[in-house]
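The primary structure of each chain is shown beneath.
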Amino acid sequence: MKLGIVGLPNVGKSTLFNSLTKAGAESANYPFCTIDPNVGIVAVPDERLKKLGDLYHSKKVTPAVIEFVDIAGLVKGASKGEGLGNQFLANIREVDAIVHVVRCFEDSNIVHVDGSIDPVRDIETINLELIFSDLEILERRIAKTSRGARNDKALAKEVALLERIKAHLEEGKLAKTFETEDEDELLWMAGYNLLTAKKVIYAANVAEEHLADDGASNPYVQQVRTLAQDEDCEVFVICAQIEQEIAELEDEERAMFLEELGLKESGLEKLIKASYHLLGLISYLTSGEDETRAWTITRGTKAPQAAGKIHTDFERGFIRAEVVNYQDLLDCGSLAAAKEKGLVGLEGKEYIVKDGDVILFRFNV
């Protein structure tokens, strides 16, 4: 999974990125200190892996990972070349979802690019730049597709779709609210890779005092939540500054620090949960003496396709899957004991993999 972190300058975007990835992207109180996108790989925290690794005495334990791309601060007019111009857009096009950091804290020492705190205005500023960028893509596509549309019904149909999407965006609406009419349109739409079609998670960046109540007493956070509800987006509350402090602590110290703050989980854990939920992702596990590993798949994936995440040969030569629930396996203490109790299923090609399934794939190529 690849997530792009965006936001106006000085909203805490790079501070958040640093804390998530411990990558040390330069963070400073002026716009555009993040000129090239910084990329960080983060392990997905999963307590099941260690327990499973211990059970199998695995030589190594490999978690699922998320790739974060920190993208240079956007400003009004970026799509027309203001600030860093269109430089950031190619980087966002490659991501699965956008993490939009929104400033929900007052601090006279940190300048706001527009002079005041207004999360809804900030979100609209960025959305508008993304719309302008998508319109540019659509216009180029219309010009190219129109050439052959006179003699080709399929191309003519696609041009009509492009024109409808363009009109939708020109009304200030996002591509994700556009409704396609059939399978062809759905496939074409996916191929355009429009920025405003991507799923969004809002990171409401608050001061420390608004962290314990999850932003409930912060009016700016309430504005973001209202807007997110209308857009069908996820929201999580974070204090990027505190998150940076948490990132520098050892596991034990981190747990104590979170407890002192009245928090159950770190911002990274909140973000990962929100991402998995928004993108409809789950993890299944494989375990043995050599390795215990988590594999990320889309909810609803069938066994052969899940096997294909490990290797294409597994999918091609799929015979069956031996499946046991993680908790059942742990409670029984071994796969043999789980089999004795009838808790291990032999599943075929139609089996839909569930979160926490521990699977051994049988295949023959």
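Look up a bit, the structure's there.
Model, not experiment: these values are computed from the prediction.

A count of helices and strands for the chain gives 14 helices and 12 strands. With 365 residues in all, the chain has 48% of them scored as buried. For the chain, the proportion of contacts with a sequence separation of at least 24, taken over those separated by at least 6, is 69%. Accessible area of the chain: about 18200 Å², with a carbon and sulfur share of 49%.

By size, the foremost hydrophobic cluster in this structure holds 70 residues, and its most contacted members are Phe68, Ile92, Cys104 and Tyr202. Examining the composition of this core, we find that six residues originate from one element, helix 10 (residues 267-279), more than from any other. With sequence-adjacent residues up to four places away left out, Cys104 is seen in contact with Pro119, Ala204, Asn205, Val206, Asn218, Tyr220, Val221 and Val224. Counting residues in each nonpolar core, the second largest holds 15 residues, with Ala306, Ala307, Phe314 and Ile359 among its members.

Before going further, it helps to examine the pattern of salt bridges. Taken as a whole and assessed by the stated rule, the structure comprises 26 salt bridges. Measuring nitrogen to oxygen at the nearest pair gives 3.0 Å for the salt bridge that ties Asp46 to Arg48. Looking at Asp46, the relative accessible area reads 17%, which means it is buried. Measuring nitrogen to oxygen at the nearest pair gives 2.5 Å for the salt bridge that ties Lys302 to Glu350. One end of the pair, Lys302, is in the loop between strand 9 (291-298) and helix 11 (303-308); the other, Glu350, is in the loop between strand 11 (345-347) and strand 12 (357-363), and 48 residues separate them in sequence. For Glu350, a relative accessible area of 58% gives the class exposed.

Here we come to helix 2 (residues 47-56). By the burial criterion, the buried members of helix 2 are Arg48, Leu49, Leu52 and Gly53. For helix 2, the buried positions fall inside an angular range of 130° around the axis, keeping them on one side. Exposed residues pointing more than 90 degrees away from the buried face of helix 2 are listed as Glu47 and Lys50. Looking at the buried side of helix 2, the elements it contacts are strand 3 (60-62), strand 8 (281-287), strand 9, helix 13 (326-332) and strand 12. Of the residues one or two after helix 2, His57 is the one with positive phi, at around 50°.

Counted according to the given criterion, the structure contains three aromatic pairs. Among the aromatic side chains, those forming a connected cluster through ring pairs are Tyr284, Phe318 and Phe361. One cation-aromatic arrangement involves Arg293 over Trp295; the distance from NZ or CZ to the ring centre is 4.1 Å.

With respect to the helices, strands and loops of the structure, Lys2 is situated in strand 1 (residues 2-6). Assessed through its relative accessible area of 19%, Lys2 is described here as buried. Setting aside anything within four residues of it in sequence, one finds Lys2 in contact with Glu67, Val69, Glu94, Val95, Asp96 and Ala97. At 3.2 Å, the side chain of Lys2 forms a polar contact with the side chain of Glu94.

Now for the environment of Lys199. Considering the arrangement of structural elements, one finds Lys199 in strand 6 (residues 199-205). When its relative accessible area of 41% is taken as the criterion, Lys199 is described as partly exposed. Linking Lys199 and Cys233, residues 34 residues apart in sequence, is a C-alpha distance of 7.0 Å. Sequence-distant contacts of Lys199, that is, excluding residues within four places in its chain, are made with Ala97, Ile98, Leu278 and Leu279.

With that settled, the discussion passes to a negative patch on the surface. A cluster of acidic residues, Glu208, Glu209, Glu245 and Glu248, forms a negative patch on the protein surface. Summarising the element assignment, Glu208 is placed in the loop between strand 6 and helix 7 (219-231).

Over its 13 residues, helix 7 runs 19 Å from end to end, which matches the ideal 18 Å to within 8%, given 1.5 Å per residue. Where helix 7 is buried, its residues meet strand 5 (97-103), helix 4 (119-149), strand 6 and strand 7 (234-238). Count one or two residues on from helix 7 and you reach Asp232, which has phi positive near 60°.

Burial of strand 5 is extensive: seven of the seven residues sit out of reach of the surface. Because side chains alternate across strand 5, one face comprises the buried residues Ala97, Val99, Val101 and Arg103, and the other comprises Ile98, His100 and Val102, equally buried. With four bridges joining them, strand 1 and strand 5 adopt parallel strand pairing. Considered in strand 5, the bridge of Ile5 is made with Val99.

The rules we used
- Residues numbered from 1 in each chain as written.
- Predicted model: local features only at pLDDT ≥ 70, side-chain atom pairs only at ≥ 80, totals over all residues.
- Heavy atoms only, no water.
- Helix = DSSP H or I, 4+ residues; strand = E, 2+ residues; numbered from the N terminus.
- Buried < 20%, exposed > 50% of the residue type's maximum accessible area, 1.4 Å probe, protein only.
- Contact = heavy atoms within 4.5 Å.
- Areas by Shrake-Rupley, 256 points an atom, 1.4 Å probe, with all protein chains shown as cover.
- Core = buried A, V, L, I, M, F, W, Y, C linked by side-chain atoms within 4.5 Å.
- Salt bridge = Lys/Arg side-chain N within 4 Å of Asp/Glu carboxyl O.
- Arc of directions from axis to C-beta.
- Phe/Tyr/Trp six-rings, centres within 6.5 Å; stacked < 30°, edge-to-face > 60°.
- Lys NZ or Arg CZ within 6 Å of the ring centre and 35° of its normal.
- Polar contact = N/O pair within 3.5 Å; in protein donor to acceptor, adjacent residues only side chain to side chain.
- Patch = residues over 30% accessible without salt bridge, like charges linked within 9 Å, V, L, I, M, F, W, Y side chains within 5 Å.
- Lys, Arg positive; Asp, Glu negative; His and termini not counted.
- Charge placed at Lys NZ, Arg CZ, Asp CG, Glu CD.
- Expected span 1.5 Å × (residues − 1).
- Pairing = 2+ DSSP bridges.

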